[in-house]
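Chain by chain, the residues run as shown.
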Amino acid sequence: MIGRLLPVIIFLALGLLLAVGLKIADHKTEIPSPLIGKRMPDFALPVLGQEDRTVSAEDLIGKPFLLNVWASWCPTCRYEHPVITDLAESGAVRVIGLNYRDEAADAQQWLRRFGNPYEFSLADVSGRTGIDFGVYAAPESFLVDAEGNVVFKQIGAMTYEVIEQEILPRIGQ
Amino acid sequence: MLNKWIKLSLFLLVLSGSAFAQEPLAFDTPEQEARFQQLTLELRCLVCQNQNLADSDAELARDLREEIHEMMMAGQDNEQIKTFLVDRYGDFVLYRPAIGGNTLLLWLMPGILLGIGAIVILFTVRNRKRQLATQRQEG
C-alpha cells in the first residue's frame, strides 16, 4: 500500500517545493534587513555641493523621511529616478539622497542632467555609512519614521506600487 | 626555448590572477593573517552572493575586508566581527549561520532527508522480502 502511494507522495512533496521555490525566486537575492524596527545608524556626512555643511542622523529626527541610496554609476538609479522625483514632488515625505561611493563632480553632473528631487544628498564617498546601513547594492531606499527608526527598506528600484502599498501607509497617509 | 618561456609566463599569469583577488593588507603576525583568511572564507559577499568575502573582487567586498582588517588590528575577536556584520546585513552574511530560529530547518534538513531515505529503504526491503516469501510458497 505504502509502496504504491510513495511515488505520489514524493511527487506532491517535490511539486510543493517547486511552488514555494518559484514563489520566493523573485525575491531570492533580496536580503531582509536586520535594521527594520531599529534606530537608524549614526552618521555625520557632508552635503553634496555644500561641502562646509554637515548633517548627522540626529539632525534628521522629527519628521519621517525616505533615504534614497543613489550613485551616478548606477543604471537602475536612473531607471527609478522619475518615481523618486514624483514622490518628492508630491510632498508626502521628505526625500533625502545618500550619494553612495561616488565622485562629487559626477554626482552633481548626474543631478543637473536628470533633475534633483532631493532636499539634499549626503555624500558617502568612502561607503562607510553605507556599510552601517547594510547597503550592498544601489539603489536602496530606507523609510525612517519621525522618531528615527527604520521602518521599511526597499532593495532595488522604487516603484509606484511600493510607494502606495509600503511607504504611504507607514507615514499615515 | 623562447616558446618554453612564453608558456611558463602565461602559466604564471594565470596563477597570479587567481591568487590576488585581494589588495595587500598588512598583518603583524602570520597567525593573524591566517585568521583573517579563515574568517573571510566564512563570510558571504553580499553583491555576488555565491562568492565569499575572501575571493570576491566586488568593491563592497574590498571595503568589508578593510573594515574587518581594521577591527582585527583593533583587537576585536571573530565573534565581535561577525556580530558587526550580522547587525548590518543579517544572518545571510554567514556561510555557517548560528543554529536557531529561522535557520533551524536549514540545519536539521540533512538529518531529516537521511531519515526519510532510511524509512524508504526499510519499506522497500521489507516488501521485497514479503514478495520473495510468497513467490517461494507459490513455487
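If you're wondering where the values come from, they're calculated on a predicted model, not measured in any experiment. (Residues numbered from 1 in each chain as written. Chains lettered and ligands numbered in written order. Predicted model: local features only at pLDDT ≥ 70, side-chain atom pairs only at ≥ 80, totals over all residues. Heavy atoms only, no water.)

Enquirer: I'd like to hear about the overall build of chain B, residue by residue, with values.
Expert: When its secondary structure is counted, chain B shows five helices and zero strands. Walking chain B from its N terminus toward its C terminus, one meets helices and strands in the order α-α-α-α-α. Out of the 139 residues belonging to chain B, those deemed buried represent 29%. For chain B, long-range pairs separated by at least 24 residues make up 52% of all intrachain contacts whose partners lie at least 6 apart in sequence. Here chain B has roughly 9,700 Å² of accessible surface; of this, 62% comes from carbon and sulfur atoms. (Helix = DSSP H or I, 4+ residues; strand = E, 2+ residues; numbered from the N terminus. Buried < 20%, exposed > 50% of the residue type's maximum accessible area, 1.4 Å probe, protein only. Contact = heavy atoms within 4.5 Å. Areas by Shrake-Rupley, 256 points an atom, 1.4 Å probe, with all protein chains shown as cover.)

Enquirer: Describe the interface of chain B and chain A, and please don't skip the residues or the numbers.
Expert: In this assembly, 18 residues from chain B lie in contact with 19 residues from chain A. Where chain B abuts chain A, roughly 1,500 Å² becomes buried across the two surfaces, and 57% of that area is made up of carbon and sulfur atoms. Of all residues in chain B, Asp63, Arg88 and Tyr89 of chain B give up the largest surface area on contact with chain A, accounting jointly for 35% of the area buried on that side. For the interface between chain B and chain A, the tally reads four salt bridges. (Buried area = accessible area lost by both parts, 1.4 Å probe. Salt bridge = Lys/Arg side-chain N within 4 Å of Asp/Glu carboxyl O.)

Enquirer: Please provide a residue-by-residue account of the pairing of strand E6 (residues 140-144) of chain A, values included.
Expert: Residues and elements named next belong to chain A. Taken across its five residues, E6 has five buried, putting it largely inside the fold. Alternating residues of E6 divide into Glu140, Phe142 and Val144 and Ser141 and Leu143, and every residue in both groups is buried. Bridge analysis of strand E3 (residues 65-70) against E6 gives five bridges, and the strand direction is antiparallel. Paired with Leu67 across the strands is Phe142, a residue of E6. Where E6 folds back onto strand E7 (residues 150-155) in an antiparallel hairpin, the turn is made up of five residues, including Gly148, whose phi is positive at roughly 95°. (Pairing = 2+ DSSP bridges.)

Enquirer: How would you sum up the nonpolar core? Please name residues and give values.
Expert: Membership of the largest hydrophobic core comes to 70 residues, with the highest contact counts inside it found for Met40 and Leu122 of chain A together with Ile68, Leu85 and Tyr89 of chain B. Residue contributions to this core peak at six residues, all from helix H3 (residues 59-73) of chain B. (Core = buried A, V, L, I, M, F, W, Y, C linked by side-chain atoms within 4.5 Å.)

Enquirer: Which residues make up helix H3 (residues 104-114) of chain A, and what are the values?
Expert: Residue and element names in this part refer to chain A. Buried within H3 are the following residues: Ala107, Trp110 and Leu111. All buried residues of H3 lie within an arc of 95° about the axis, which places them on one face of the element. What points out from H3, more than 90 degrees from its buried face, is the exposed set Ala105, Arg112 and Arg113. Elements that come into contact with the buried residues of H3 comprise E3, helix H2 (75-90) and strand E4 (94-100). Positive phi appears at Gly115, one or two residues downstream of H3, with a value of about 95°. (Arc of directions from axis to C-beta.)

Enquirer: Give a detailed account of the state of the cysteines, specifying residues and quantitative values.
Expert: Residue and element names in this part refer to chain A. For the structure on display, the rule yields one disulfide over all chains. The residue that forms a disulfide with Cys74 is Cys77, at a sulfur-sulfur distance of 2.2 Å. Here the disulfide of Cys74 and Cys77 is right-handed, its torsion about the S-S bond being about 90°. By relative accessible area, Cys74 is classed as buried at 3%. The class for Cys77 is buried, based on a relative accessible area of 1%. (Disulfide = S-S within 2.5 Å.)

Enquirer: Break down the packing of helix H2 (residues 30-41) of chain B against H3 of chain B for me, citing the residues and quoting the values.
Expert: Residues and elements named next belong to chain B. Remark: H2 packs on H3, axes separated minimally by 11 Å, with the N-to-C direction vectors making an angle of 135°. Taken together, H2 and H3 sit at an angle that is classed as oblique. Between H2 and H3 the crossing geometry is right-handed. Residue-level inspection shows Gln32, Arg35, Phe36, Leu39 and Thr40 of H2 in contact with H3, the latter providing Arg65, Ile68, His69, Met72 and Met73. Of the residues belonging to the contact of H2 with H3, the class tally is five nonpolar, three polar and two charged. (Axes fitted to C-alpha atoms, helices over the stretch in contact; angles between N-to-C directions. Parallel < 35°, antiparallel > 145°, perpendicular 65-115°, else oblique. Left-handed = near helix turned anticlockwise from the far one by under 90°. Nonpolar A, V, L, I, M, F, W, Y, C, P; charged D, E, K, R; others polar.)

Enquirer: I'd like a rundown of unusual backbone geometry, residues and numbers included.
Expert: Residues and elements named next belong to chain A. Residue Pro139 is bonded to the preceding Ala138 through a cis peptide linkage, with omega at 0°. Along the chain, the position of Pro139 falls in the loop between helix H4 (128-132) and E6. Here the phi dihedral of Arg101 falls at roughly 50°; this positive angle occurs in a residue that is not glycine. Relative to the helices and strands, Arg101 is located in the loop between E4 and H3.

Enquirer: Could you give me a rundown of the confidence of the model for chain B, with the residues and numbers involved?
Expert: Low-pLDDT portions of the prediction should not be read for the details of their coordinates. Residues and elements named next belong to chain B. Per-residue pLDDT for chain B averages 82, and the proportion of residues at 70 or more is 83%. No element of chain B has a lower mean pLDDT than helix H1 (residues 2-19), at 62, and none a higher one than helix H4 (residues 78-89), at 92. We note a pTM of 0.73 for the whole complex and an ipTM of 0.75 for its interfaces. (pLDDT = per-residue confidence, 0-100.)

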